[in-house]
6 protein chains.
Amino acid sequence: MLSPDILATLRAVSTGTITTILLKKGVRRTWLRGPKPFAPGYPRVVGPAFTLRFVPAREDLATPESWASPRSTRGAIEEMPEGVVAIADAMGVTEAGIFGDILCARMVKRGVAGLVTDGVVRDAAGVLATGLPVWSAGTAAPPSVAGLTFVGWQEPIACGGIAIFPDDVIVADGDGAVVIPKALVEEVAKLGPVQERFEAWVVGEVEKGAKLPGLYPPDEATRARYQAEQKQG
Amino acid sequence: MLSPDILATLRAVSTGTITTILLKKGVRRTWLRGPKPFAPGYPRVVGPAFTLRFVPAREDLATPESWASPRSTRGAIEEMPEGVVAIADAMGVTEAGIFGDILCARMVKRGVAGLVTDGVVRDAAGVLATGLPVWSAGTAAPPSVAGLTFVGWQEPIACGGIAIFPDDVIVADGDGAVVIPKALVEEVAKLGPVQERFEAWVVGEVEKGAKLPGLYPPDEATRARYQAEQKQG
Amino acid sequence: MLSPDILATLRAVSTGTITTILLKKGVRRTWLRGPKPFAPGYPRVVGPAFTLRFVPAREDLATPESWASPRSTRGAIEEMPEGVVAIADAMGVTEAGIFGDILCARMVKRGVAGLVTDGVVRDAAGVLATGLPVWSAGTAAPPSVAGLTFVGWQEPIACGGIAIFPDDVIVADGDGAVVIPKALVEEVAKLGPVQERFEAWVVGEVEKGAKLPGLYPPDEATRARYQAEQKQG
Amino acid sequence: MLSPDILATLRAVSTGTITTILLKKGVRRTWLRGPKPFAPGYPRVVGPAFTLRFVPAREDLATPESWASPRSTRGAIEEMPEGVVAIADAMGVTEAGIFGDILCARMVKRGVAGLVTDGVVRDAAGVLATGLPVWSAGTAAPPSVAGLTFVGWQEPIACGGIAIFPDDVIVADGDGAVVIPKALVEEVAKLGPVQERFEAWVVGEVEKGAKLPGLYPPDEATRARYQAEQKQG
Amino acid sequence: MLSPDILATLRAVSTGTITTILLKKGVRRTWLRGPKPFAPGYPRVVGPAFTLRFVPAREDLATPESWASPRSTRGAIEEMPEGVVAIADAMGVTEAGIFGDILCARMVKRGVAGLVTDGVVRDAAGVLATGLPVWSAGTAAPPSVAGLTFVGWQEPIACGGIAIFPDDVIVADGDGAVVIPKALVEEVAKLGPVQERFEAWVVGEVEKGAKLPGLYPPDEATRARYQAEQKQG
Amino acid sequence: MLSPDILATLRAVSTGTITTILLKKGVRRTWLRGPKPFAPGYPRVVGPAFTLRFVPAREDLATPESWASPRSTRGAIEEMPEGVVAIADAMGVTEAGIFGDILCARMVKRGVAGLVTDGVVRDAAGVLATGLPVWSAGTAAPPSVAGLTFVGWQEPIACGGIAIFPDDVIVADGDGAVVIPKALVEEVAKLGPVQERFEAWVVGEVEKGAKLPGLYPPDEATRARYQAEQKQG
């Protein structure tokens, strides 16, 4: 389980910094192509992945009647624990909205932290009104069954070209959404704040007129200077 | 012809609801991939389709001189009746703007309700200044002849992967643009408001804490409860 | 070299008008697919191209260590003269940000007029804070080495499907970015303002209710009327 | 279970005829985009779907070591019953081969009827040498872990944009591969041969010089003539 | 009308040579993306374009019943004069075959010279058996109505990203298909054989060991030498 | 320099095996998307990369006249040493052929081992007749200047989404083309034959009926058995 401390720490680490740390550990495929913030100004969202899986629509399966099946998006939402990030593999389909205002409103009630998908939502105004933070590839009018068949939850999925497993951690902010593999979450929470602090210092140096070579990435002299200044506080 | 009543009714039905109704009637391909609102805050636009057709540019045909031909976009605009939605098949070409400020300004003068295209417009600031509601795939600087040859109007077209015939009805709002096949317009105008009312009630129920299964889609009990409440007013 | 006069003149000519003039001279491929204004409200940016070139990432080359190499983006930035438009061939890769806040801040310090790329930037909020006018294909969290290897500057490049050579002129505004081949800059600076003036007059005529055929493009009568009015001032 | 009779019947019905019959029943999405015969001259292959599912590669998961895991393609192959068509959701990835000669050779040993994927195979010469009938999107040198992570078998999948469930029936021939939803298999086996016989007769009529209108689709007169000739035998 | 002489001349000019000649006249967009020879060994096919136009399928329009309509592909085929090249705008749709064996067989009976499309055909074996030379983007099992609605013939069309007008001339060979605008046919027929002869001579020179610079394109000396040799015969 | 021994060794190692070895060393991006054998039956081709670089066509630059420039493909070919693999970055453009029969014939004369490109060649029959082994994305009729501007040779390039540097080694066979980074060539030449031998043994085991788990990848027992058998010879 994710401790509240780790969650709080990660909320202060940007997706940019997380991708840099993971790349240094050899994991390059962590940023999801497709999901963008649906509205400006969301706080950074962090939580364990609760996965949802769709396959393409087939006219004999993807019917309005299917919405009443126990293996439906409705059923999945009622299983979501508080604090998760719902993450839906819509296979990048952008012409059928996986959720609209009603389902998003219910997710807010259940305490879901956010919704991330490589597909789209529908009823843009209604979804915004629910206040649920959403990262998607935009919006479309048609219902999910116009393009997709829902098949299950908490399975391994693809989302935006990236593999996601239940209990990996999802972080989403203005630069999009990334996955932190479960086994690397602690490491990222340890290194992230260190890196954030150093980069803030570099920005200050550039504003004072410093040149880039030797500064970023830092050479020995820069590193020494930074550490000295840090000690002084 | 579309009666003013039907137009007024459809202006209160979202594109999302329209796609759901048409899907239930077996027509899944109604939402246009590509056209997005060019600016926020447009009212929902409804009107009969006035189609425009382009083929690709060929250097011997798509010349600035061609703009003076009687078979030109200029000629087409002068044929547009008041209240139509101009809908242009630009074959999804996004590197040549089909219309700029001058042509959009003239469309406003002629009472055109809106412009929908799977291509793009040019002179973004100028187009916005005309006030014409536009759904497009964005903006580009080059003139139409940089990528397209105009070939005619009021013919069957493709737009955003969807077939459109003259006199089909186009509805466009924040979720994009949909076509209602001519033969189904009355049916949609009848069922649309019923569906909108029911979904508004469902949102209210969710806000009171109702669970989704059984509520949406409604089971027998929910349906009975809804009808009872409706009667009470 | 670009004279200050030519720069000032071009700042009053839209990218739309430039593409029309170049098309009339037989040059159709001048508008870059991909780069869009990163924020609304930038002034039009004009300057000589300072080109940057990337090839795809290869795990043995595109490493964080490579940032310290003399052939790095850092080295390139320190070579940029005041007033240039930095233009980066990122091969349309949208999943690795070529620059973030630190590099953009340094470019502002060096007096770079703007950044244009068919790729993306990272750390959206940080980049905006630097004030550097940016045209890109959006934003992504990962660092450049996640998808790209930097190989050099001031070479011929492709950007957004268009060939750019050092010392061509780049103009960018709300409709995107265009290249003016070096040999045609003077001609464009001469014809641009004439065309802008005429189109403004046409918009006025349309607002007074004029029909399009004969007006735009102008027939003999329109041309005569326009010239007469111009003389009167 | 599929009876040997139904299998034999379907082996004489083309994928073209199957798609026409399913379309008449309202199921349009049945033909898989991507899979093509890997070699000319395969017999038509028919069998129940045995599904395989991949998600994208992630460097911490998709490793050569993962091939030894019980949840591996090796494990899946050992579970395949005789006569199935193995059908793999490779998400259309064409730069990592899901299987090479060794795995295909083992599938032949187990009596697998064929392999269908929207991805690719590797070691083209080796795969051909095994004699396994393969429908794929071509070939690539890299191993599956270069682009894919295997996650399981006998789950619902997407393949070539089409939803496939375990026990649906797959038919593949020179025109590609189609799925027959389980519930429609009997119906297709009944109607298929009737349609094949009629179309063969039509080809004969065209060769004798008959015009198309009224012949195909047949009007009343044609239908009567056809039935009369059939009775005569 | 195309004279038999011009047809015979063009049958000896490759599509490669035609595109070079048209490019020198300022027309670059003449080669169709998508159509490839359906089988090896076709003779070069030349003829006036007989255009066919499709828009996307809509479930209420693209039905098996529509095949009996007078505005159908069947009706169009019966209008085709002998010697034309049927050229079909299928909007690049590759998942529904526009024609199968029956329609191709009828086109052969009518003396159609060939079929060119940016879409696909169905029933690969049957189409091959008819002997009709076909250039397409491959093959698919489903009937046209699975993805397309036929709307008319002898209209301007797009095919493979190129504009085609009725009576333009189509030439197709192993390098694909090109359009010669009607007004340029005579010129191409005049220059084509000259160019073919020169290039054959250049190949011979290269085989004798000549270097490329100065040879191809020829400098003055090469040109003089070539002309001298030609005179000698 | 590549020793003749290493070249001979690599000619016996498949591209599939090379990608597996490089992946185990952390280099996943080595197989070029796009290039396929232009004809069946080529021997495996191995040689140092001789890079060629194109940017998009611009009408003022990409002219038939440009072919006579010293910075032309002609000039580049005359610089190619014997035994190199010419590898051309055509940016994946498939509508303009980079080379035809004349240039390919000259490359054969110069002893070039093969041509690899993510673009296409033109004059398919002529290119085949030269006997030059070619890996390309197919064929197109138009000349290079219809879509491309040649800018130089022996620079770092992208080809098929992969970074290539001069003196990297290219290997191409029936599964496509791969790059071996210069620094890893010796290692690959050492490990390749070992891996090929082991896989041949595994195929034999499968043919004898062995199950896959434990065999491939080999567990301890399998490894021991293999080594024992190897010793016996």
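One can find the structure itself at the top, above this paragraph.
Residues numbered from 1 in each chain as written. Chains lettered and ligands numbered in written order. Predicted model: local features only at pLDDT ≥ 70, side-chain atom pairs only at ≥ 80, totals over all residues. Heavy atoms only, no water.

Enquirer: Describe in detail the overall build of chain A, supporting the description with residues and values.
Expert: When helices and strands are counted, chain A shows seven helices and ten strands. Overall, the C-alpha framework of chain A stretches about 70 × 35 × 30 Å when taken along its three principal axes. Taking contacts inside chain A between residues at least 6 apart in sequence as the whole, the part at least 24 apart equals 76%. For chain A, the accessible area works out to roughly 8,500 Å², and carbon and sulfur atoms hold 54% of it. Mean positive and mean negative side-chain charge positions of chain A (24 and 26 charges, respectively) differ by 4 Å. (Helix = DSSP H or I, 4+ residues; strand = E, 2+ residues; numbered from the N terminus. Contact = heavy atoms within 4.5 Å. Areas by Shrake-Rupley, 256 points an atom, 1.4 Å probe, with all protein chains shown as cover. Lys, Arg positive; Asp, Glu negative; His and termini not counted. Charge placed at Lys NZ, Arg CZ, Asp CG, Glu CD.)

Enquirer: Can you tell me about the interface of chain C and chain A, naming the residues and giving the values?
Expert: Each partner contributes residues to the interface: chain C has 27 residues there, and chain A has 26 residues. The interface formed by chain C and chain A holds one salt bridge in total. The partner of Arg33 of chain A in a salt bridge is Glu95 of chain C, with the nearest N and O atoms 3.5 Å apart. For the interface between chain C and chain A, the tally reads 14 residue pairs in polar contact (both at pLDDT 80 or more). Secondary structure elements with two or more residues in the side of chain C that touches chain A: α3 (73-78) and α4 (101-109) of chain C. Tallying contributions element by element places α4 of chain C first for the side of chain C that touches chain A, with six residues. Its residues placed into classes, the side of chain C that touches chain A shows 16 nonpolar, two polar and nine charged. (Salt bridge = Lys/Arg side-chain N within 4 Å of Asp/Glu carboxyl O. Polar contact = N/O pair within 3.5 Å; in protein donor to acceptor, adjacent residues only side chain to side chain. Nonpolar A, V, L, I, M, F, W, Y, C, P; charged D, E, K, R; others polar.)

Enquirer: If you had to explain the state of the cysteines to someone new, which residues and values would you point to?
Expert: Overall, the coordinates contain zero disulfides over all chains when judged by the stated rule. Cys104 of chain B carries a free sulfur, and the closest cysteine sulfur to it, the one in Cys159 of chain B, is 15 Å from it. (Disulfide = S-S within 2.5 Å.)

Enquirer: For the environment of Ala177 of chain A, give the residues involved together with the corresponding values.
Expert: All names here are of chain A. You can see Ala177 is positioned in strand β10 (residues 176-180). Taking the C-alpha atoms as reference, Ala177 lies 8.5 Å from Thr30; in sequence the two are 147 residues apart. With sequence-adjacent residues up to four places away left out, Ala177 is seen in contact with Thr30, Trp31, Leu32, Val116, Val171 and Ala172.

Enquirer: Could you give an account of the relation of the copies chain C and chain A, with specific residues and numbers?
Expert: For the pair of chain copies, the relating operation is a rotation around an axis with a shift along it. In the superposition of chain C on chain A (RMSD 0.0 Å, axial shift 0.0 Å), the rotation amounts to 120°. One copy is carried onto the other by what is essentially a three-fold rotation axis. (Least-squares fit on C-alpha atoms with pLDDT ≥ 70 in both.)

Enquirer: Go over the pairing of strand β3 (residues 85-89) of chain D, please, and point to the residues and values.
Expert: Residues in a regular strand point their side chains to alternate faces of the sheet. Residues and elements named next belong to chain D. The element β3 is largely enclosed, with a buried count of five among its five residues. Across the two faces of β3 the burial is the same, with Val85, Ile87 and Asp89 and Ala86 and Ala88 all buried. Pairing between strand β2 (residues 45-56) and β3: five bridges, direction parallel. Of the residues in β3, the one forming a bridge with Ala49 is Val85. (Buried < 20%, exposed > 50% of the residue type's maximum accessible area, 1.4 Å probe, protein only. Pairing = 2+ DSSP bridges.)

Enquirer: I'd like a rundown of the arrangement of the chains, residues and numbers included.
Expert: The two units chain B and chain D never meet; even their closest C-alpha atoms stay 8 Å apart. Taking C-alpha atoms as the reference, chain A and chain E come no closer than 12 Å and do not contact one another.

Enquirer: Mind laying out the interface of chain E and chain B, listing which residues take part and the relevant values?
Expert: Taken residue by residue, the interface counts 29 residues in chain E and 30 residues in chain B. The largest per-residue losses of area from chain E upon contact with chain B belong to Arg29, Arg58 and Glu59 of chain E, which jointly make up 30% of the total buried on that side. Where Arg53 of chain E meets Glu155 of chain B, a salt bridge forms, and the shortest distance between an N and an O atom there is 4.0 Å. At the junction of chain E and chain B, the tally comes to twelve residue pairs in polar contact (both at pLDDT 80 or more). Looking at the side of chain E that touches chain B, the elements that each hand over two or more residues are β2 (45-56), β7 (157-159) and β8 (162-164) of chain E. Residues that form the side of chain E that touches chain B fall into these classes: 17 nonpolar, three polar and nine charged. (Buried area = accessible area lost by both parts, 1.4 Å probe.)

Enquirer: Before we move on, can you summarise the packing of aromatic side chains with the specific residues and values?
Expert: Summed over all chains, the structure comprises 36 aromatic pairs over all chains. The interplanar angle of 70° and the centroid separation of 5.2 Å between the aromatic rings of Phe54 of chain B and Phe150 of chain B together place this pair among those described as edge-to-face. Taken together, the positions of Phe54 of chain B in strand β2 (residues 45-56) and Phe150 of chain B in strand β6 (residues 148-153) put the pair 96 residues apart, joining distant regions of the chain. We note that Phe54 of chain B, like Phe150 of chain B, is buried. Through successive ring pairs, a cluster of aromatic residues spans Phe54, Phe150 and Trp153 of chain A. (Phe/Tyr/Trp six-rings, centres within 6.5 Å; stacked < 30°, edge-to-face > 60°.)

Enquirer: Just give me the short version of helix α4 (residues 101-109) of chain F, but keep the residues and values in it.
Expert: Of all the nine residues making up α4 of chain F, seven are buried; the element is thus mostly covered by neighbouring parts of the structure. Restricting attention to buried positions, one finds in α4 of chain F the residues Asp101, Ile102, Leu103, Cys104, Ala105, Arg106 and Met107 of chain F. Where the residues of α4 of chain F are buried, they touch α6 (185-207) of chain E together with α3 (73-78), β3 (85-89), β4 (114-117) and α5 (124-130) of chain F. Where α4 of chain F terminates, the next one or two residues include Gly111 of chain F, which has phi positive at roughly 80°.

Enquirer: Talk me through the relation of the copies chain E and chain B; I want residue IDs and the actual numbers.
Expert: Expressed as a screw operation, the relation of chain E to chain B combines 0.0 Å of axial shift with a rotation of 180°, fitting to an RMSD of 0.0 Å. Viewed as a symmetry operation, the transformation between the two copies matches a two-fold axis. Across chain E, the smallest distance between a C-alpha and the rotation axis is recorded for Met91 of chain E, namely 4.2 Å. Comparing interface residues between copies, 100% of those in chain E also sit at the interface in chain B, which points to an isologous, same-surface contact.

Enquirer: Give me the side chain of Arg106 of chain E: which residues, what numbers.
Expert: Note on placement: Arg106 of chain E falls in helix α4 (residues 101-109). A distance of 3.4 Å separates a polar side-chain atom of Arg106 of chain E from the backbone oxygen of Ala210 of chain D. What Arg106 of chain E contacts, discounting residues up to four positions off in sequence, is Val206, Gly209, Ala210, Lys211 and Leu212 of chain D together with Ile77 and Glu78 of chain E.

In short, the description is geometric, and any link to function would need to be established separately.
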